[in-house]
Amino acid sequence: MMSEKSEQSWEFGGTSHILPRERERATFDVKEMTHFLDGGEKETARRRWIQNASKNHELQGMHTMSRDELTAKSVKHFVDIHMEHIERGFMLKGSDGQHMTGSALLSGPLMPHYSLFIMTIAGQASPEQVSTWLPKAYSLKIIGAYAQTELGHGSNVRGLQTTAEYDAKTGEFVLNTPTLQSMKWWNSNAGLFATHCALYAQLVINGQDKGVHVFMLQLRDENHQLLPGIECGDVGTKLGDNAIDTGYIRLKNVRIPRQHLMSRRQHVEKDGTYVKHSSGENKNKKDTAKSDKMHYLTMMGARVGMVAGAADALAIAATIAIRYSAVRHQGFKGTGSFKGEEYAIIDYRFQQYRLFSNLSYMYAFKVVGNWIRERMGDLLQHIDDAGDDIPEVHASAAGLKGLCTKQAHDGIEDLRKCCGGHGFLMNTGIAALSVDYVWKVTAEGDWVVMLLQTARFLMKQIKVAQNFKGPVSELNLPGLCEVYQNLSDPTFDAFTDGRPTPEPTSPGEFGNLSYLLSLFRYRVLVSSVETEAALQTETERLKSIEEAWNSCAVQLVQTAISHCEYFILDKFISYIGKCKDEYCRESLASLCQMYALSRISLGHQWEGILNRHALKLMNSCLNSVLDQVRINAVPLVDALDFPDHVLNSTIGRYDGNVYEALFEEARNSPLNTHLRDDKATLRGYEFVRDYLDKDFLSLRNGVPVELRADTARI
């Protein structure tokens, strides 16, 4: 029997029955899927504990706040939630940081402090410096910013122009941003709140450049006033993420003590002698390997965080868009009365393709983020493990940061558009998410630059294989770069000899994950070989490897994308194998198929890999997979386990009562004060008041004299 809320009325939208009906169709246990994605029931409980910390701190009306209100609210919000735990000495462990990021209602000035600033101290400072600065940073005794990028330089860190010149007479570094372009820019929370920053600058000793180093710089004093020679401010209102005071820093002859050079890997003696620790500390190859390994792991940590963050953001968008698409009905089933039954928009095929492709990307990103984090954990626990795959995982992590953040933002925006006109409202959550997330595509390395780093590694591995003179079986390439193994044989033809066999003869073969993986592997092999050949041709023509690299950049980026997608698919398939629940495993396999088939359907570097007949079979299989995912669409987003207060969405609510929520938010709009106060005045009305026809308006829906029956033809 349908409840009152299941039928349309003056008060109710009549949709409360829809999502429960969708959940009844599930072919797997949602709770089991949630535990698997989290890494176990205990981890689910911990994540929920972290998420629920913000349950009673909802920020109603946050999308209509001014910037100063939003910034102040975000600081209060952070302190109210976190300080009791910080004061009792709570320390992050495992996936805690990711759970916090994934469930944050606001970013705000303290988020960068607890991420990049603290990570930089932990990764770059000496043990003595860590023991001095890190406890103060953890307990919020100081607030830090990460000051790397400049007004004129971003991804090209070597090109930074901020200088730190050592003065041996005083034992101090003299800091300057000597030109307009060299001022620090895009430094989150430096504008208003930071007391300190991790400053990246060119170290100069006795006129000799020593390269970019990291320094601890105090910006503000005990009264939160800027120190002499320092100018900081906010760069202005951004497209999104305006709770953070993204700032700039200008420095003029600012002096800091010699001990403020972060000295994990080097230090400067009082007389100006520059000492690299690698020569003194790493006395054998084993120690050097450990040091290199830790350096890789430190850099991977930030990148895997961005990959996992991409999954979280896309997960929120997918949850909102899929639930809303199930609730929203548009288009009659047949002809007849306007009261006739309409289709749920989730049942339109192209809507399914958009929704389920992005859902599969989200699951894939989550899986690959989990895989890398687990691999890093294994390596940290077993520091003597050779970790032969580390260089490949590290290089792939760069490209994955670029690819996943780019596809996540593209996906969030596409999912927003899947919500039609309502997706334009900020209170839906998905519109705000689209603009708040976009900066991550370029932060910590532009997505193209990151993919080019991966491409550079791939080209080197091809050269290693081509130059290897021993038996193929003795060539040891890292990780998935084993795809280049046979290139050591000069008679091997990548296009013909590397092709998967036999050719597909039925749509069902495109549902075989092993076959799909072999296709992605083959695509990487062919595209890499062709790109490397083009690079060599251009190098010979231009007589410059740098110019040749730029000339081949399009192919290089595309090849890096192909490698990253192969990496993702490989980890997705292996991760599914760890799932013990048969029904969850089947649903994950459908999403894995969806991921692979949707990437093939876009045509990126698949020319010649699949012929027209094979593509026809692939499209037939894709339709079948869309039907499979459709059955579990709502349960699959339910398994992501976002509570309503984290989604903060009128149209992504768990109960499906979207129309009630939309109307309630509309009535609460700051522009609708007249609904709450009949004495309220409308700002701006005074500018049009004298132009309005008061006599005509006084009719109050009465018939104008011109339209009355005795004077007009109706």
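What counts and what doesn't
- Residues numbered from 1 in each chain as written.
- Predicted model: local features only at pLDDT ≥ 70, side-chain atom pairs only at ≥ 80, totals over all residues.
- Heavy atoms only, no water.
- Helix = DSSP H or I, 4+ residues; strand = E, 2+ residues; numbered from the N terminus.
- Rg over C-alpha atoms; globule rule 2.2 N^0.38 Å.
- Buried < 20%, exposed > 50% of the residue type's maximum accessible area, 1.4 Å probe, protein only.
- Contact = heavy atoms within 4.5 Å.
- Lys, Arg positive; Asp, Glu negative; His and termini not counted.
- Charge placed at Lys NZ, Arg CZ, Asp CG, Glu CD.
- Phe/Tyr/Trp six-rings, centres within 6.5 Å; stacked < 30°, edge-to-face > 60°.
- Lys NZ or Arg CZ within 6 Å of the ring centre and 35° of its normal.
- Disulfide = S-S within 2.5 Å.
- 1 Å grid on protein atoms, 1.4 Å probe; cavity = no way out; pocket = protein on both sides within 12 Å on 5 of 7 lines; lining within 4 Å.
- Points joined across faces, edges and corners; volume = space filled by probe spheres on them.
- Nonpolar A, V, L, I, M, F, W, Y, C, P; charged D, E, K, R; others polar.
- Core = buried A, V, L, I, M, F, W, Y, C linked by side-chain atoms within 4.5 Å.
- Salt bridge = Lys/Arg side-chain N within 4 Å of Asp/Glu carboxyl O.
- Pairing = 2+ DSSP bridges.
- Axes fitted to C-alpha atoms, helices over the stretch in contact; angles between N-to-C directions.
- Patch = residues over 30% accessible without salt bridge, like charges linked within 9 Å, V, L, I, M, F, W, Y side chains within 5 Å.
- Areas by Shrake-Rupley, 256 points an atom, 1.4 Å probe, with all protein chains shown as cover.

Visitor: Break down the overall build of the protein chain for me, with residues and values.
Guide: Helices and strands together make up the secondary structure of the protein chain, namely 23 helices and 13 strands. The C-alpha radius of gyration computed for the protein chain amounts to 29 Å, which stays within 12% of the reference 27 Å derived for 714 residues, consistent with globular compactness. When its C-alpha atoms are laid out on the principal axes, the protein chain stretches across 100 × 75 × 55 Å. Here the protein chain holds 714 residues, and 50% of them are scored as buried. The contacts in the protein chain between residues at least 6 apart in sequence include a share of 72% that link residues at least 24 apart. Seen as two clouds, the 78 positive and the 86 negative side-chain charges of the protein chain have centres 2 Å apart.

Visitor: Please give an account of the packing of aromatic side chains that cites residues and values.
Guide: Counted according to the given criterion, the structure contains 13 aromatic pairs. Summarising the aromatic geometry, the rings of Y146 and Y200 are spaced 5.3 Å apart at their centres and angled 65 degrees between planes, so their arrangement reads as edge-to-face. Taken together, the residues span a long stretch of sequence, with Y146 in strand β1 (residues 144–147) and Y200 in strand β5 (residues 196–205) at a distance of 54 residues. Classification of Y146 as buried rests on a relative accessible area of 16%. Where F510 meets Y515, the ring centres are 5.6 Å apart and the plane angle is 80 degrees; that geometry is what we call edge-to-face. Here F510 and Y515 have matching classes, each one buried. Connected via pairs of aromatic rings, a cluster forms that spans Y166, F173 and F215. If you follow R23 out to its NZ or CZ, it ends over the ring of Y654, 3.6 Å from the centre. Here K571 stacks its cationic end above the ring of W371, 4.3 Å away from the centre of that ring.

Visitor: Can you tell me about the environment of S325, naming the residues and giving the values?
Guide: Within the secondary structure layout, S325 lies in helix α9 (residues 285–327). Residue classification places S325 among the buried positions, given a relative accessible area of 0%. When the C-alpha positions of S325 and A344 are compared, they lie 6.7 Å apart, and in sequence the two are 19 residues distant.

Visitor: Account for unusual backbone geometry, with residues named and values stated.
Guide: In this chain, T501 is followed by P502 through a cis amide linkage whose omega measures -5 degrees. Along the chain, P502 turns up in the loop between α14 (494–497) and α15 (513–542). With a phi angle near 55 degrees, N206 is a residue other than glycine that sits in the positive phi range. Relative to the elements of secondary structure, N206 occurs in the loop between β5 and β6 (208–218). Residue class for N206 comes out exposed when judged on its relative accessible area of 68%. Unusually for a residue other than glycine, N253 sits at a positive phi of about 55 degrees. Mapped onto the fold, N253 is located in the loop between β8 (247–251) and β9 (254–257).

Visitor: An account of the state of the cysteines is requested, with residue identities and associated values reported.
Guide: Throughout the structure, instances matching the rule amount to 0 disulfides. Summary of cysteine pairing: C552 is not part of a disulfide, and the nearest cysteine sulfur, belonging to C564, is at 19 Å. Given the relative accessible area of 2%, C552 is considered buried. In this model C579 remains outside any disulfide bridge; the closest cysteine sulfur is found in C584, 5.0 Å from its own. Look at C579 and you get buried, because its relative accessible area is 4%.

Visitor: Before we move on, could you go through empty space enclosed by the protein and cite the residues and values that matter?
Guide: Tallying each qualifying case throughout the model produces 1 cavity of 30 Å³ or more. Approximately 40 Å³ is the volume attributed to the largest cavity. Around the largest cavity sit R499, P500, P502, E503, Y515, L519, Y522 and I609, which together line it. Grouping the constituent residues of the lining of the largest cavity by class yields 6 nonpolar, no polar and 2 charged.

Visitor: So what's going on with the nonpolar core? Residues and values would help.
Guide: Among the nonpolar cores identified, the biggest contains 131 residues, and L359, Y363, Y484 and F510 are the most heavily contacted of them. Considering each element in turn, this core owes the most residues, 16 residues, to α9. If we skip the residues at most four places from it in the chain, Y484 touches L458, Q461, I462, A465, L477, V524, L525 and S528. Ranked by size, the runner-up nonpolar core spans 24 residues in total, among them L203, L219, I230 and I256.

Visitor: I'd love a proper account of the pattern of salt bridges, names of residues and values included.
Guide: Summed over the entire model, instances satisfying the criterion amount to 28 salt bridges. Two residues, R255 and D167, come together in a salt bridge whose shortest N-O distance is 3.1 Å. With a gap of 88 residues between them, R255 in strand β9 and D167 in strand β2 (residues 163–167) connect regions that are remote in the sequence. Its relative accessible area of 42% is what places R255 among the partly exposed residues. Of the residues examined, D167 reaches a relative accessible area of 19% and is grouped as buried. One salt bridge in this structure joins E538 and R541, with 2.8 Å as the shortest N-O distance. Here R541 and E538 lie together in helix α15, a separation of 3 residues that amounts to about one turn.

Visitor: So, the sheet that holds strand β7 (residues 230–234): which residues are in play, and what are the values?
Guide: Within the open sheet, the 3 strands sit side by side as β4-β8-β7. Their pairing is antiparallel. Either end of the sheet is taken by a strand with one partner, and the two such strands are β4 (184–187) and β7. Pairwise comparison of adjacent strand axes, ignoring direction, gives a mean angle of 20 degrees for this sheet. Direction of pairing for β4 relative to β8: antiparallel, over a ladder of 3 bridges.

Visitor: Talk me through a nonpolar patch on the surface; I want residue IDs and the actual numbers.
Guide: Together, L682, Y685, F687, V688, Y691, L692 and L697 give the surface a local cluster of nonpolar side chains, amounting to about 790 Å² of exposed area. Here L682 shows up in the loop between α22 (673–676) and α23 (694–697). The class of L682 is exposed, set by a relative accessible area of 59%.

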